[in-house]
Amino acid sequence: MKNFNDKVVVITGGATGIGFGFAKAFGKEGAKIVISARRENRLQEAVAGLTEMDIEAKYLTADVTKREDVEALADFAWDAYGQVDVIINNAGMMVPHSPVLDMPIEHFQAIMNVNVFGVIHGSQVFGKRFIEQGTPAVIFNIGSENSLFHGTPFNGAYVATKHSVRAITISLREELPEFIDVRLICPGFVVSELGPEENMQHGMPTDEFIDIAMEQIKANEFYVVSHAYNIVHIDEDHTQLKRVYETYVPRYEGDVQYDIRTNIKPILEQMLNHKLRMS
């Protein structure tokens, strides 16, 4: 999907930061915007700001950790406009940095509930309705540069959630009907309200990130990336993996015998036939 004029775009966590940046960007493309978050006062401020830009926008308070809230958000959007074309599963949180061994399990549970289960709720609720609606649609999941490599130590919980988002998004891309696009947006260090202001001030300005991202979104890229230096970390990871493979388990004729996709090919074909039937 390259043209968002008159499309309906729903954004979780859309009152501030990257979510609000996308609300402005899609609105300027002519889309109608529905944003959600937990703080109604920030939603009201965001909708007022969008309205001043001549962007049609509505809001609903919602907590993405609660399936019933996400269902209510979908009901609200469809009731308001009769259709939805895009869901951006953007709502996210961070927890205080801590070594994995010392991090309270409650912190792991809290961040998983928002960053992972929030994405699952949004993808399932809107994905099923997109199938029923039967028209071209897009699911954007907000991952992170940390979906692609481990950015910093003492940040294992956050990084784990973003690796999970990547895995979920790749699975969705293979499973959903062809008329539903699935994309993974991987912001680097971008200014937002996720962390302390003294840290966030060093990030890429939000609008700069949005401009970079929108170019890729309109080009229908699956991965949407931003920070140029990240390729250094990605190459380091891949170089290490390649060296270990080449040293200890180099390729050999017939090595496909243990490939999981090859061995379960009949099951995959059955699943793909089911996908085609949904189309």
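Refer to the structure printed above.
The structure displayed is predicted, hence computed values, not measured ones.

The rules behind these values
- Residues numbered from 1 in each chain as written.
- Predicted model: local features only at pLDDT ≥ 70, side-chain atom pairs only at ≥ 80, totals over all residues.
- Heavy atoms only, no water.
- Helix = DSSP H or I, 4+ residues; strand = E, 2+ residues; numbered from the N terminus.
- Buried < 20%, exposed > 50% of the residue type's maximum accessible area, 1.4 Å probe, protein only.
- Contact = heavy atoms within 4.5 Å.
- Areas by Shrake-Rupley, 256 points an atom, 1.4 Å probe, with all protein chains shown as cover.
- Polar contact = N/O pair within 3.5 Å; in protein donor to acceptor, adjacent residues only side chain to side chain.
- Expected span 1.5 Å × (residues − 1).
- Arc of directions from axis to C-beta.
- Pairing = 2+ DSSP bridges.
- Patch = residues over 30% accessible without salt bridge, like charges linked within 9 Å, V, L, I, M, F, W, Y side chains within 5 Å.
- Salt bridge = Lys/Arg side-chain N within 4 Å of Asp/Glu carboxyl O.

**Student:** Describe the overall build of the protein, naming the residues involved and giving the relevant values.
**Tutor:** A count of helices and strands for the protein gives 11 helices and seven strands. Seen through its principal axes, the protein has C-alpha atoms that stretch 65 × 50 × 35 Å. Residues counted as buried form 45% of the 279 residues belonging to the protein. Counted over contacts in the protein with a minimum sequence separation of 6, partners at least 24 positions apart contribute 69%. Carbon and sulfur atoms make up 53% of the accessible area of the protein, which totals about 14,900 Å².

**Student:** Quick rundown of the side chain of Ser144? Include the residues and the values.
**Tutor:** Mapped onto the fold, Ser144 is located in the loop between β5 (137-142) and α6 (156-175). Among the polar contacts made by the side chain of Ser144, one reaches the main-chain amide nitrogen of Asn146 at a distance of 2.8 Å. Those residues in contact with Ser144 that sit more than four places away from it in its chain are Tyr158, Lys162, Ile185, Cys186 and Pro187.

**Student:** For unusual backbone geometry, give the residues involved together with the corresponding values.
**Tutor:** A negative phi angle is the norm for most residues apart from glycine, just as the trans form is the norm for most peptide bonds. For Asp54, which is not glycine, the phi torsion reads 65° and is therefore positive. Overall, Asp54 belongs to the exposed group, its relative accessible area being 75%. Notably, Asn220 is not glycine yet its phi reads approximately 60°, a positive angle. According to the relative accessible area criterion, Asn220 is partly exposed, its value standing at 32%.

**Student:** Go over the environment of Ala91 with me, naming the residues and quoting the values.
**Tutor:** Mapping Ala91 onto the fold places it in the loop between β4 (86-89) and α4 (105-115). On a C-alpha basis, the gap between Ala91 and Thr65 in space is 9.8 Å, while along the polypeptide they are 26 residues apart. If we ignore the near neighbours within four places in the chain, the residues touching Ala91 are Thr12, Gly13, Val64, Val114 and Asn115.

**Student:** Let's hear about helix α8 (residues 206-218): which residues, and what values?
**Tutor:** Over its 13 residues, α8 extends 18 Å from the first C-alpha to the last, a length consistent with the 18 Å expected when each residue adds 1.5 Å. Inspection of α8 places Thr206, Phe209, Ile210, Ala213, Met214, Gln216 and Ile217 among the buried residues, and these make up the whole buried set. For α8, the buried positions fall inside an angular range of 160° around the axis, keeping them on one side. Away from its buried face by more than 90 degrees, α8 exposes Asp211 and Glu215. Residues of α8 that are buried make contact with α1 (17-28), β5, β6 (180-185) and β7 (223-224). Asn220 occupies a position one or two residues after α8 and carries a positive phi of about 60°.

**Student:** Would you mind going over the sheet that holds β4 in detail, with residue names and values included?
**Tutor:** The strand order across the open sheet formed by seven strands is β3-β2-β1-β4-β5-β6-β7, and the pairing between neighbours is parallel. At either margin of the open sheet sits one strand with a lone partner, and together these are β3 (57-61) and β7. Where β4 and β5 come together, four bridges link them in parallel fashion. Pairing of Ile87 across the sheet is with Ile139, part of β5.

**Student:** Could you give me a rundown of a nonpolar patch on the surface, with the residues and numbers involved?
**Tutor:** The grouping of Leu241, Val244, Tyr245, Tyr248 and Val249 at the surface amounts to a nonpolar patch, some 540 Å² of accessible area in total. Looking at the secondary structure, you find Val244 in helix α9 (residues 230-248).

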